[in-house]
Amino acid sequence: MTGRLTVALTKAGRTKIRYPAELVADTGTRITVRAPWAAPGVRDFGFVRFEPGDVFTEHFWRDRWYAVKEVRTAGGVLKGWYCDVTRPAAVADGVILVEDLDLDLWVSADGSSVLRLDEDEFAASGLAGTDPGAAAQAVRALDALEAQARSAAGLAALLT
């Protein structure tokens, strides 16, 4: 696999966003792509702003329940890592298919801020009732990401 791919992020059976990305590496287990900020305009979360010019280096695993996205400014300054809890990624016909399970983790560039996000959305999604196995995997994935982020090695250890 080489060149351009499309990342398709779905949520609750609907496409949330699709965007082109450049393949950086594919180990057979982990797919790494690079893409500019794909949403229109600025998204200010309070703890970080994603804006035009930002560059995301995104790591998707075929065997893990999360994706880790390194976020840098257009000038290359690291903002931090945004982690999506997802079902394992699949690749078909040049498209990386990823299903968002609502839970997220933000880790600031210096590692001093580790924030669990959207736990209320996850609870409201009803996944625990409709697919308890997936819900349990999602919670384990968030816990594992947080533990890794708080460790001495940090999230960078997942990406080497």
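For the structure itself, look to the data block above.
Predicted, not measured: the structure shown is a model, and the values here were computed from it. (Residues numbered from 1 in each chain as written. Predicted model: local features only at pLDDT ≥ 70, side-chain atom pairs only at ≥ 80, totals over all residues. Heavy atoms only, no water.)

Visitor: Help me out: how do you make sense of the packing of aromatic side chains in this one?
Guide: When we look at a pair of aromatic rings, we describe it by the centre distance and by the angle of the planes. A full pass over the atoms with the stated rule returns eleven aromatic pairs. Judged by centre distance (5.7 Å) and plane angle (25°), the rings of W37 and F56 are stacked. Of the two residues, W37 is situated in the loop between β3 (30-36) and β4 (43-44) and F56 in strand β6 (residues 55-61); the sequence distance between them amounts to 19 residues. The same class applies to W37 as to F56, namely buried. Centre to centre, the rings of F45 and F50 are 5.3 Å apart; their planes meet at 70°, and the pair counts as edge-to-face. Among the residues examined, F45 registers a relative accessible area of 24% and is labelled partly exposed. F50 sits in the buried class, given a relative accessible area of 3%. Within the aromatic cluster, the residues linked to one another by ring pairs are W37, F45, F47, F50, F56, Y82 and W106. (Phe/Tyr/Trp six-rings, centres within 6.5 Å; stacked < 30°, edge-to-face > 60°. Helix = DSSP H or I, 4+ residues; strand = E, 2+ residues; numbered from the N terminus. Buried < 20%, exposed > 50% of the residue type's maximum accessible area, 1.4 Å probe, protein only.)

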